[in-house]
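# Structural description and commentary
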Amino acid sequence: MSLDEKFAYMASGHPYNDLDPRLERLRDQATQKTEALNQAGSTAEKERLFRELAGHVGARPFVNPNFRCEFGRNITVGDDFYANYDCVILDGAPVTIGNHVLFGPKVGLYTSNHLFDAAERRRGGCVAKPITIGDDCWLAANVSVMPGMTIGAHTIIGAGSVVTHAIPSGVIAAGNPCRVLRQITSADRTGFDPTSGMN
């Protein structure tokens, strides 16, 4: 099985061998790339290195240190992606992040899970499921997103939440497990306008 076939198989939700030497080499390479990214001095250099690491990157990404990922190649981000400090993305399956998405400090996206049977787990058994985050989402500090989750566009996930079920668009959701608290409405607008000279 080629490496591309291996990742396609992993993304299908079938159990796979997490101890495959090819996967271990790719993790080592991703670690080296994230070390370079985290030590980069300029915004331009950070962007260049992030583009080398991730599978697809839109315009104007910004990733603060210390960013970590498992492979990088399975990460797709849209325009104006912002990841605050200590973001972790374990991308055993595809991670798709829309445009204008904000991550607070210590946000973690985890596509992979060890198998529940102890003997299978010792042999490296894992399973991975894709994660999708829509446009204009904000995940606040210490949010954890579990395998297979989808978060709809324009949604806010409150600090410390653990997302274990799909979250719809246009809501504020929080908790462990994360649940919808309310819709985001026009009443949430403050009139903020950075061009007005009053801000």
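Residues numbered from 1 in each chain as written. Predicted model: local features only at pLDDT ≥ 70, side-chain atom pairs only at ≥ 80, totals over all residues. Heavy atoms only, no water.

## Quick notes on the pattern of salt bridges
Taken as a whole and assessed by the stated rule, the structure comprises 11 salt bridges. The salt bridge partner of Arg27 is Asp18, with a shortest N-O separation of 2.3 Å. For the pair Arg27 and Asp18, one class covers both residues: buried. Through salt bridges that share partners, Lys6, Asp20 and Arg22 make up one connected network. (Salt bridge = Lys/Arg side-chain N within 4 Å of Asp/Glu carboxyl O. Buried < 20%, exposed > 50% of the residue type's maximum accessible area, 1.4 Å probe, protein only.)

## Brief notes about the sheet that holds strand 11 (residues 112-114)
Reading across from one edge, 1-12-11 is the order of the 3 strands in this open sheet, with antiparallel pairing throughout. A single partner strand is all that each edge strand has here, and the edge strands are strand 1 (16-17) and strand 11. (Pairing = 2+ DSSP bridges. Helix = DSSP H or I, 4+ residues; strand = E, 2+ residues; numbered from the N terminus.)

## Points about helix 3 (residues 43-53)
For helix 3, the complete set of buried residues consists of Lys46, Leu49, Phe50 and Leu53. Burial along helix 3 is one-sided: seen end-on, the buried residues are contained in an arc of 100 degrees. Buried-residue contacts for helix 3 involve helix 2 (21-39), strand 2 (56-57), strand 3 (62-63), strand 4 (68-69) and strand 5 (75-77). (Arc of directions from axis to C-beta. Contact = heavy atoms within 4.5 Å.)

## Structural notes on the environment of Arg182
Looking at where Arg182 falls in the secondary structure, it is placed in strand 20 (residues 179-183). Those residues in contact with Arg182 that lie beyond four places of it in its chain are Val171, Ile172 and Asp188. Here the side chain of Arg182 touches Asp188 through a polar contact of 2.8 Å, side chain to side chain. (Polar contact = N/O pair within 3.5 Å; in protein donor to acceptor, adjacent residues only side chain to side chain.)

## Side note on the side chain of Lys46
Mapped onto the elements, Lys46 comes out in helix 3. An unpaired buried charge is present at Lys46: no salt bridge exists, and Glu45, the closest side chain of opposite charge, is 11 Å distant. Look past the residues within four positions of Lys46 in its chain and what remains in contact with it is Leu37, Ala40, Phe62, Val63 and Pro65. (Lys, Arg positive; Asp, Glu negative; His and termini not counted.)

## A few points about the sheet that holds strand 5
With parallel pairing, 5 strands are arranged side by side in an open sheet as 2-5-8-13-16. One side of each edge strand has no neighbouring strand; the edge strands of this open sheet are strand 2 and strand 16 (150-151). By the bridge criterion, 2 bridges tie strand 2 to strand 5 in an arrangement that is parallel. Within the sheet, the bridge partner assigned to His56 lies in strand 5 and is Thr76.

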